[in-house]
Amino acid sequence: MTALLVKNPAQIVTPRPGSLRGPELADLSVRSGRSIYVIDGVIQDIAPFEDLQNRAESDNAIVIDATGKAVVPGFIDAHSHVVFGGNRADEFALRTAGASYEEIATKGGGIANTVRATREASKAELKSIAMDRLNRALRQGTTTMEVKSGYGLDTATELKMLEVVAELNDEHPIDLIPTFLGAHSVPKGMDKADYITEVKAMIPQAAEIAKFCDVFCEQGYFTPAESLDIVGHAREHGMLPRLHANQFHSIGCIEAAVEMGATSVDHLEVLDAKEIALLAATDIGCVMLPGVSLFLDIPFAPGREIIDQGCLPVLASDFNPGSNMSLSLQMVMSLACMRMGMSVNESLACVTQNAAHALRLEKVGCLEPDWQADMIILDSPDYRDVAYFYGENHAYAVIKKGQLV
Ligand code: NIG
Ligand code: FE
C-alpha cells in the first residue's frame, strides 16, 4: 500500500463531478483548511490535517507540504497529435512572412510534410521524440492525453503510430487515449476513393488499439458523407466516432456528427447559431482549440455562445507541428479567458471534468473521495493565477495516481 498526504494547501479547487453545462461550469468547489489523503492512487479523504495526521503516520504516508499553494485536478488534454516525425519550423517562417496555412498545404507542405518525416522515422525514433513531448506536457500539469495517428496515411505507418502510443502509455506516467485518424488527409498522388477503401481496411487492426476514430471533415479533405462512411465502419469495430469539424469552413460536418452520434466535434472556429443549437441538444463535446487560433491567426471558436446556448464545452491543445506547436493547457485557459469570453472557472472545468467526459473517462478530472488522485500543486495560493499570470508554468508539483511524478 502507498499513501500520500497533501498537507494544508491554500485551496483545493475542483469542478463538480459530471458533464457540465451553462452555470454549472463556473460553480467550482474551492476549499481551504483541508488536506488530501490518497491511498494506492485514489483519493480517500479531504479533511482537516488534524483528522488525517494519525492515519498518515500509521500508513507511513509520504507527506507533501502544500502550504501557500493551490491544488487543482491534473489537466486532461482531449485533443493532441503528440506522435509525429520532423519539424515544420520552415513553414512557420513562411507564415510569419505572410503565407497562409492553407496556401502552404496547397503547395505540398503542411500535413504532407509531416507524413514524409513520420514514414521515414523508425518506431524507436518516434517514441523517443514523443517521450520528450510527454515529459514537457507532464511538467505543465497534463496527466491524461488523447493522442491521434494521422501522419502515416498508409497502413504500416498508421499502425506504427498507434503502437507508439500504446507503448508510451505503458512507459510514461501520462495516461494516453489513442485515436485512429487515418482520414486526416489523402496521401499525395492517391485517388481519394481508393484511400478511403484503404482507411476502412486499416480499421479492424487500428481498433485493437484505438478507442476513437476521427476524420478531418473539411473542404479539401473529407466530406460529411465520406466521414459518415468511415466512422460507420469504425463503429462496427467498436471505435467511438469524433470529428475535426468547422476549422475553416462550415460544410455540414456538425449535422454529420449529430447523425453519427459523435463523442466530440473538435475545432469549431467557424460555427453559426444554427449549428450551436444543434449541438446544444446533444451530448457531443464541443472541443475548442484556442492555441490553433493564436498560432494560425484565425478566428477563435465562439466559446461564450457555446456555453450560453447550453452545449458541452471542452478545451484542448491540438498540439501538432502545423497548427499549434504548444502543449500548454495553462496557455489554453488564458486564451479562453482573454479571447473567447470565458471565465477562469469555466476554462478550468473545460480542461478537467468536461475533457474527461468527452474522452468517456470515469473518475478523473475532479478532486473528491473515490476519484483518481491526479492533481497539480500550483506555485500560487490562488488557482486563478494559472490563467491570469499567463505564459508561465504554474505547476509546482504534479501527482499522477497518487505518485509524485
Ligand atoms: O488538428 N486540422 C487538421 N489537422 C491538424 C493539423 C495538421 C497539420 O498541419 O499537421 C489540426 O489542426
Ligand atoms: Fe487536430
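Residues numbered from 1 in each chain as written. Chains lettered and ligands numbered in written order. Predicted model: local features only at pLDDT ≥ 70, side-chain atom pairs only at ≥ 80, totals over all residues. Heavy atoms only, no water.

Draft legend 1. Seen up close, the site of ligand 1. Contacts to ligand 1 come from 15 residues, most closely from Arg88, Tyr101, Tyr151, His184 and Ser323. Contacts to ligand 1 include Arg88, whose side-chain N or O atom sits 2.7 Å from an oxygen atom. Take His267: an N or O atom from its side chain is 3.2 Å from an oxygen atom of ligand 1. Expressed as a share of its isolated accessible area of 330 Å², the protein-covered part of ligand 1 is 100%. Its residues assigned to classes, the shell around ligand 1 shows four nonpolar, nine polar and two charged. (Near = heavy atom within 4 Å. Polar contact = N/O pair within 3.5 Å; in protein donor to acceptor, adjacent residues only side chain to side chain. Areas by Shrake-Rupley, 256 points an atom, 1.4 Å probe, with all protein chains shown as cover. Nonpolar A, V, L, I, M, F, W, Y, C, P; charged D, E, K, R; others polar.)

Draft legend 2. The domain arrangement of the protein chain, seen in detail. Partitioning the protein chain into structural domains gives domain 1 (3–73 + 366–404) and domain 2 (75–358). Centre-to-centre, using C-alpha coordinates, domain 1 lies 29 Å away from domain 2. Contact between domain 1 and domain 2 buries roughly 2,500 Å² in total, counting both sides, with carbon and sulfur atoms accounting for 61%. It is Arg21, Leu25 and Lys400 in domain 1 that bury the most area against domain 2; as a group they hold 25% of the surface buried on that side. Across the contact surface, domain 1 and domain 2 share three salt bridges. A salt bridge links Arg21 to Asp283; the nearest nitrogen and oxygen atoms lie 3.7 Å apart. Every element with two or more residues in the side of domain 1 that touches domain 2 is listed here: strand 7 (70–73), helix 16 (385–388) and strand 17 (395–400). (Domains from an automatic or database assignment. Buried area = accessible area lost by both parts, 1.4 Å probe. Salt bridge = Lys/Arg side-chain N within 4 Å of Asp/Glu carboxyl O. Helix = DSSP H or I, 4+ residues; strand = E, 2+ residues; numbered from the N terminus.)

Draft legend 3. How the structure looks around the coordination of the iron ion (ligand 2). Protein-derived ligands of the iron ion (ligand 2) are His79 (NE2), His81 (NE2), His244 (NE2) and Asp318 (OD), with the metal-ligand distances lying across 2.1 to 2.4 Å. Linear spacing of the donor residues for the iron ion (ligand 2) on their chain is H-x1-H-x162-H-x73-D. Here His244 lies in strand 12 (residues 240–245) and His79 lies in the loop between strand 8 (75–77) and helix 2 (89–96), a separation of 165 residues in the sequence. Residue classification places His79 among the buried positions, given a relative accessible area of 0%. The buried category is assigned to His244, whose relative accessible area is 3%. (Donors = N, O, S within 2.8 Å, 3.2 Å for Na, K, Ca; no water. Buried < 20%, exposed > 50% of the residue type's maximum accessible area, 1.4 Å probe, protein only.)

Draft legend 4. Summary view of the pairing of strand 13 (residues 264–267). Where strand 12 lies against strand 13, three bridges are found, and the strand directions are parallel. Counted as the bridge partner of Ala245 is His267 from strand 13. With helix 9 (residues 253–260) bridging strand 12 and the parallel strand 13, this β-α-β connection has right-handed handedness. Traced from strand 13 through helix 10 (residues 273–280) to strand 14 (residues 285–288), the parallel crossover comes out right-handed. (Pairing = 2+ DSSP bridges. Right-handed = clockwise from strand over helix to strand, strands pointing away.)

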